[in-house]
Structure formats: C-alpha cells, structure tokens
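Fold and geometry: a report
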Amino acid sequence: AGLLSALTGCDSGFGQATARHLDTMGFRVFASVLDPQGPGAQELRRSCSPRLTLLQMDLTKSEDIQRVLQHVQANTNSTGLWGLVNNAGFNDTIADAELSPLGKFRTCMEVNFFGSLELTKGLLPLLRSAGGRIVTVSSPAGDLPFPCLAAYGASKAALSLLMDTFRSELQPWGVKVSLILPGYYKTGCSFRASSATALGMVATLWLLGSGCLPQELLQDYGEDYVEEINRQFIQFMKVAVEDLSAVVNSITDGLLAANPAVRYYPGQGLGLMYFIHRYLPYFVRDLFLKGFFINPKLPRALR
C-alpha cells in the first residue's frame, strides 16, 4: 500500500478504470488527463480517494510533460516512483495509408510514441531508484497490418519496439517493463470522437471534403470506397467489448506481480490472430484481418 504510480490518458477507457482500481488498492496515483474539466476527470474526483492527484497533460506539448515531471518529482523524491502506466493513445483516422494525410501519421507518432518516450525518459531516474515497473498499453495493430490503421499501427509498432528495448536495457537496474496488447474494447480514448459513428462521419467528411484529397486520388478510389470503410468500422465498433476488467487486471499484474509477463494479451481472439500471423502464409493472415476488421471493396479504378 502507499506505492506511487503515474498513469497517462485517464480521461476515459483503460486509464480511467485503472486509476480507479489502483486507488481502491491503496496506491497513490498521479493520473494525467487531457481535460481536467471533462466528464472523465470529474468522475475520478467523485469516485476516488483524496490520495489521487489529477494532472492536466497533452502529450504533444513538451511544456505539459515537463510540468507533470516536476510535480511527480517534487512529490516522490524520497521514495522514488513504483509504477508508470503509459496508456494515453490517439487515433482519428480509419483509411488506407495512401488516403491518410501525412499530418495524421505525425499526430499519432507525437502522442503514441514521442509523448510516451519523453515522459518515460523523464521519470526513469525515479523508477530506477525504486526498482519499479513500466507498463505500456500498445496494440496488436503495432504487430499486424490491420487494413486502414497504418498511421495508428506504425506509431504503436514504434512504441512496442521502444519498450522492448527499455526492457533489456533496464534489467540491470531491476526495473521491469511490460507491454499490454488489448483486443478490441470500447474505450472512448483511442478515438477522440464521442462515438464510432461520429468518427466515421468525421473521417468520411475530411476524406471527401474539398481539397483534403487530390481529386485524382478520389477518382481512383471513389467516394463509395471511403464510405464503405467507415460503414464497416462502425459495424466493427458495435461488437467491441465494454468490460475493461481484463485489461485493468493485466496492467495491475504488470505493476505488482513478482515476475510480470513481458506481454499481456487481454481480449478475445488474439491467440488465434497471432497464431495465424506467426505460422501461416501471409495471404491467410491478410484474409483473416480483413474478415475480422475491415474488408474494403475494390477501388473504383479497378472495377
């Protein structure tokens, strides 16, 4: 009890549920939120003990990260920091890589990779002095080429590799590093849109909107191609799992188990997915991912 942990992305989803869970276990939690006045932050204030500290942080802003680092350092210097949970994630694009603007790739990298890197590096002296834990929520999309998730998947691939490297480098210091690769959950935080439908409409609008895409690209693929991707994504989100407890339990195990796993796979169907990925031909895997997630129709130019 009384162990200190810092969590990012606590506005909703895994971060919020984990902050609440660790608080009930007696942890002193520093929970970062994007919007301290938002419903997620209000909910944490209402349901958690006074031990929980809410900190505003946008992972794309270095000054925000530095402010959080200073606050955590000031409050943990004597004890060190037992756990860091890198959970904040961002994606707002469901489209082929060719149809996704470069800026969308950059934003995903800024939040999911560079923000987590800067925060982790900043907290490492405290984590090393406590011989603590780093638990990072990545995604199977960083291991497998999900259709229409290139921007998000590439940033998660970079994050997973970074954490694997930290794991081997920090071994001599007694700091253990775990990755969480969840199946599909309704988290509300992977997508900064009020719902899958809103995201679908937003994505469709900017793809079809004036000037977002070169006209000839739109001609080659066709509006109906983009609309079909979004229709399938909305369908997929309807079957996403609402009970986040398997993920919260994996994060908690990563923080508290004597020998935490290197990778946790909470969620349905992941074992099969990774089995296909490792042992069967690529075309089988690609068919499986399309069947499981999104299977775009043929682009207009090829029909």
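Note: the structure precedes this text.
Okay, so let's go over this structure. Per chain, residue numbering runs from 1 following the sequence as it is written. Under the rules for a predicted model, residues below a pLDDT of 70 receive no local features and side-chain atom pairs below 80 are neither given nor counted, while totals for whole chains, interfaces and linings still include all residues. Just so you know, side-chain values use all the structure's heavy atoms and leave hydrogens and water out.

Quick look at the sheet that holds strand β3 (residues 53–56)
Strands pair, by our definition, only if DSSP identifies at least two bridges between them. In this description a helix means any DSSP run of H or I spanning at least four residues, a strand means any run of E spanning at least two, and both kinds are numbered starting from the N terminus. If you trace the 7 strands from one edge of the open sheet to the other, you get β3-β2-β1-β4-β5-β6-β7, paired in parallel fashion. Both edges of this open sheet fall to β3 and β7 (263–264), since each of them pairs with a single strand only. For strand β2 (residues 28–33) and β3, the ladder comprises 4 bridges, and the chain directions are parallel. Opposite Ala 31, over in β3, you have Leu 54 as the bridge partner. Residue contacts are counted whenever heavy atoms from the two residues lie within 4.5 Å of one another. An axis is simply a line fitted to the C-alpha atoms; with a helix, the fit covers only the stretch in contact. Between two such axes, the angle follows the N-to-C directions and lies from 0 to 180 degrees. Set on the sheet, helix α1 (residues 13–24) makes contact with β1 (4–7), β2 and β5 (133–137); between it and β1 the angle comes to about 165°.

Here's the deal with the pattern of salt bridges
Any Lys or Arg side-chain nitrogen found within 4 Å of a carboxyl oxygen on Asp or Glu counts as a salt bridge. Going through the model one piece at a time under the given rule, you end up with 14 salt bridges. Among the salt bridges present, the one from Asp 64 reaches Arg 67, with a minimum N-O distance of 3.4 Å. Of this pair, Asp 64 and Arg 67 both sit in helix α3 (residues 62–76), 3 residues apart, roughly one helical turn. Type-normalised accessible area, obtained with a 1.4 Å probe on protein chains alone, sets the label of each residue: buried when under 20%, exposed when over 50%, and partly exposed for intermediate values. We classify Asp 64 as buried; its relative accessible area is 7%. A salt bridge links Arg 303 to Asp 224, with the shortest nitrogen-to-oxygen separation between them at 2.9 Å. Within this pair, whereas Arg 303 is found in the segment after α11 (282–292), its partner Asp 224 is found in helix α8 (residues 223–238), the two being separated by 79 residues in sequence. A single salt-bridge network, built from bridges that share partners, covers Asp 143, Asp 164, Arg 167 and Arg 263.

A short note on the packing of aromatic side chains
Geometrically, a pair of aromatic rings is defined through the distance of the ring centres and the angle of the planes. Note on ring pairs: Phe, Tyr and Trp rings are taken, using the six-membered ring of Trp, and paired if centres are within 6.5 Å. Classes follow the plane angle, with under 30 degrees stacked, over 60 edge-to-face and the rest tilted. Summed over the entire model, instances satisfying the criterion amount to 12 aromatic pairs. On the basis of an interplanar angle of 85° and a centroid distance of 5.6 Å, the ring pair of Phe 146 and Phe 293 is categorised as edge-to-face. Of this pair, Phe 146 sits in the loop between β5 and α5 (150–170) while Phe 293 sits in the segment after α11, and the two are 147 residues apart along the sequence. The pair formed by Phe 146 and Phe 293 is uniform in burial state, with each residue classed as buried.

Some remarks on helix α2 (residues 39–47)
For α2, the set of buried residues is Gly 40, Ala 41 and Leu 44. The buried residues of α2 occupy an angular sector of 100° when projected down its axis, which confines them to one face. Facing away from the buried surface of α2 by more than 90 degrees, the exposed residues are Pro 39 and Arg 46. Elements in contact with the buried residues of α2: α1, β2 and β3. To be clear, the arc concerns the directions from the helix axis to the C-beta atoms.

Some thoughts on the nonpolar core
Working definition of a nonpolar core: buried Ala, Val, Leu, Ile, Met, Phe, Trp, Tyr and Cys residues. They are joined through side-chain atoms within 4.5 Å. Counting residues in each nonpolar core, the largest one holds 59 residues, and the members touching the most others are Leu 123 and Ile 134. Contributions of two or more residues to this core are made by β1, α3, α4 (102–130), α5, β6 (176–180), α7 (215–221), α8 and α10 (270–279). Not counting residues up to four positions away in its chain, the partners in contact with Ile 134 are Leu 84, Asn 86, Thr 120, Leu 124, Leu 127, Met 163, Leu 170, Val 175, Lys 176, Val 177 and Ser 178. Counting 26 residues, the second largest nonpolar core, distinct from the first, contains Val 33, Cys 48, Val 85 and Leu 255.

Spatial relationships are all this shows, so hold off on functional conclusions.
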